[in-house]
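Structural characterization, general
Each chain, written out:
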Amino acid sequence: MTDVVVEMPDPKVVERGGWERNGWPFVGLAFVLAVIGVVVLVLGAGNGWIVGLGILVFLVAVIVAAGLTAVSPGRARVLQFLGQYVGTVRTTGLRWVIPIATRREVSTRIRNHETAVAKVNDADGNPTEIAAVVVWQVEDTAQAMFEVDDFVEFVAIQTETAVRHIANSYPYDVHSEEDVLSLRDSTDEITEKLSAEIGARVQAAGVRVIESRITHLAYAPEIAQAMLRRQQAGAVIAARRQIVEGAVGMVELALERLSEHQVVELDEERKATMVSNLMVVLCGDRDAQPVVNAGSLYQ
């Protein structure tokens, strides 16, 4: 099978650091300005321009305080100024940014998404049930906010699409000696391909796939019994093949030892009889019942 390359458009916006400062000095500045403004208003009551000055100082304090923003661990703040993306703040703690900038919070923590059990036909056309879990994290906050409408929903839909594509591309099980990947037997290889495909699909949203695993894999109920009998038949055939190979080796060894130690001289007919008897004993499902022959083999 040829892997499908998922091509996504180049991002128009990529993350960059936003302008920000430690917020605690600005807390003190806002507090001092607010106190000065109140004092000026109280002392200048009745004087219009002094009252106006006090109001102006108090408004400056409010504007300074409006630039304060708290950034929690595992979260980032995406800044927009007059509709333009101006950067992302990832430094945790109390920070100060442009007061009139819009600050949208984005979680950068590791998340899990588990798909629902989906019924999909495998590469052989057999209906199978499959589900997977993907571990992901926002890597580029700008792409997550501006390249897609809802990056959480985008990851969910693209994950389900990738799971369905993988299930359609490989057989559930391999019933031949060919070196072919299968969903049931090639878990590591299939998981690697699934992670690569999901990662390619969600790259446009600035998301990094950490790991993905198939959590549920089974034949659909309508064919489960038939496929179980098929697997059991295959197991029986494989076991029989191994038993026959072992029996042939034991017969060869017995004939070689008898000839080497000259225990008995066997012609071709006696060898054939001995081989037949040994094969029956070694390959039979039940214990052999011995029959004592008091006469000659030729009678």
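Residues numbered from 1 in each chain as written. Predicted model: local features only at pLDDT ≥ 70, side-chain atom pairs only at ≥ 80, totals over all residues. Heavy atoms only, no water.

**Re the overall build of the protein chain**
Each helix and strand counted, the protein chain has seven helices and 10 strands in total. Counting across all 299 residues of the protein chain, residues that qualify as buried make up 32%. Within the protein chain, contacts between residues at least 6 apart in sequence are counted, and of these 69% link residues at least 24 apart. Carbon and sulfur atoms make up 56% of the accessible area of the protein chain, which amounts to about 18,500 Å² in all. (Helix = DSSP H or I, 4+ residues; strand = E, 2+ residues; numbered from the N terminus. Buried < 20%, exposed > 50% of the residue type's maximum accessible area, 1.4 Å probe, protein only. Contact = heavy atoms within 4.5 Å. Areas by Shrake-Rupley, 256 points an atom, 1.4 Å probe, with all protein chains shown as cover.)

**Notes on helix 2 (residues 48-66)**
Taking 1.5 Å of rise per residue, 19 residues should cover 27 Å, and helix 2 covers 27 Å from first to last C-alpha, within 8% of that figure. Those residues of helix 2 that are buried lie in contact with helix 1 (24-43), strand 2 (68-71) and strand 5 (93-96). (Expected span 1.5 Å × (residues − 1).)

**Digging into the packing of aromatic side chains**
Scanning the model with the defined rule gives five aromatic pairs in all. Centre to centre, the rings of Phe26 and Trp96 are 4.2 Å apart; their planes meet at 5°, and the pair counts as stacked. A residue pair is termed long-range when its members are at least 10 positions apart, and Phe26 in helix 1 and Trp96 in strand 5 qualify at 70 residues. No difference in accessibility class separates Phe26 from Trp96, as the two residues are buried. (Phe/Tyr/Trp six-rings, centres within 6.5 Å; stacked < 30°, edge-to-face > 60°.)

**Description of the UniProt feature "transmembrane region" (unreviewed entry) in the protein chain**
The sites that UniProt annotates as "transmembrane region" (unreviewed entry) are residues 24-43 and 49-71. The distance from the first to the last C-alpha atom of residues 24-43 is 29 Å, and the span holds 100% helix and 0% strand. Measuring from the first to the last C-alpha atom of residues 49-71 gives 40 Å, for a span that is 78% helix and 17% strand. (UniProt positions renumbered as here; feature names shortened; annotations may be inferred.)

**Quick notes on the nonpolar core**
Ranked by internal contacts, the top residues of the largest apolar core, which has 30 residues, are Trp136, Phe151, Leu194 and Ile198. Broken down by element, this core gets its largest block of residues, seven residues, from helix 4 (residues 151-169). Those residues in contact with Trp136, other than ones at most four positions away along the chain, are Arg109, Ile110, Arg111, Asn112, His113, Phe151, Val152, Val155, Val207, Arg208, Val209 and Ile210. (Core = buried A, V, L, I, M, F, W, Y, C linked by side-chain atoms within 4.5 Å.)

**Details of the environment of Ile110**
Turning to its location among the elements, Ile110 is positioned in the loop between strand 6 (102-107) and strand 7 (111-114). Once the C-alpha coordinates of Ile110 and Ile210 are considered, the two residues, 100 residues apart in sequence, prove to be 8.6 Å apart. Discounting chain neighbours no more than four positions away, the residues touching Ile110 are Val135, Trp136, Gln137 and Ile210.

**Overview of the pattern of salt bridges**
The final tally for this structure, using the stated rule, is 10 salt bridges. Where Asp188 meets Arg213, a salt bridge forms, and the shortest distance between an N and an O atom there is 4.0 Å. Here Asp188, found in helix 5 (residues 187-202), pairs with Arg213, found in strand 10 (residues 207-219); they are 25 residues apart in sequence, far enough to count as distant. Linking Arg201 and Glu197 is a salt bridge whose minimum nitrogen-to-oxygen distance equals 3.1 Å. Taken together, the residues Arg201 and Glu197, both in helix 5 and four residues apart, mark about one turn of the helix. Just as Arg201 is buried, Glu197 falls in that class too. Because the salt bridges share partners, they merge into one network encompassing Asp173, Arg184 and Asp185. (Salt bridge = Lys/Arg side-chain N within 4 Å of Asp/Glu carboxyl O.)

**Quick word on the sheet that holds strand 3 (residues 75-81)**
The three strands are arranged 4-3-6 in an open sheet whose pairing can be described as antiparallel. The sheet is open, and its two edges are formed by strand 4 (84-89) and strand 6, each paired on a single side. Ignoring strand direction, the axes of neighbouring strands in this sheet form an average angle of 25°. Bridge count between strand 3 and strand 6: six bridges; the pairing is antiparallel. From the neighbouring strand, Gln80 faces strand 6, where its bridge partner is Thr102. (Pairing = 2+ DSSP bridges. Axes fitted to C-alpha atoms, helices over the stretch in contact; angles between N-to-C directions.)

**Some thoughts on the sheet that holds strand 1 (residues 21-22)**
Sheet architecture is open: three strands sit in the order 1-5-2, paired in antiparallel fashion. Two strands in the sheet have a free side with no partner beyond their single neighbour: strand 1 and strand 2. The pairing of strand 1 with strand 5 spans two bridges and is classified as antiparallel. Along strand 5, the bridge assignment pairs Arg21 with Trp96.

**Some thoughts on unusual backbone geometry**
A positive phi is found at Leu82, a non-glycine position, where the angle reads about 55°. Along the polypeptide, Leu82 turns up in the loop between strand 3 and strand 4. Leu82 sits in the exposed class, given a relative accessible area of 72%.

**Some details on the packing of helix 1 against helix 2**
Taken N-terminus to C-terminus, the directions of helix 1 and helix 2 make an angle of 160°; their axes are 8 Å apart at the nearest point. The pairing of helix 1 with helix 2 is recorded here as roughly antiparallel in orientation. Considering how the two elements wind past one another, helix 1 and helix 2 form a crossing that is left-handed. Note on element contacts: helix 2 touches helix 1 through Ile50, Val51, Leu53, Gly54, Ile55, Val57, Phe58, Val60, Ala61, Val64 and Ala65, opposite Phe26, Leu29, Ala30, Leu33, Ala34, Ile36, Gly37, Val38, Val40 and Leu41. Across the contact of helix 1 with helix 2, the residue classes break down as 19 nonpolar, two polar and no charged. (Parallel < 35°, antiparallel > 145°, perpendicular 65-115°, else oblique. Left-handed = near helix turned anticlockwise from the far one by under 90°. Nonpolar A, V, L, I, M, F, W, Y, C, P; charged D, E, K, R; others polar.)

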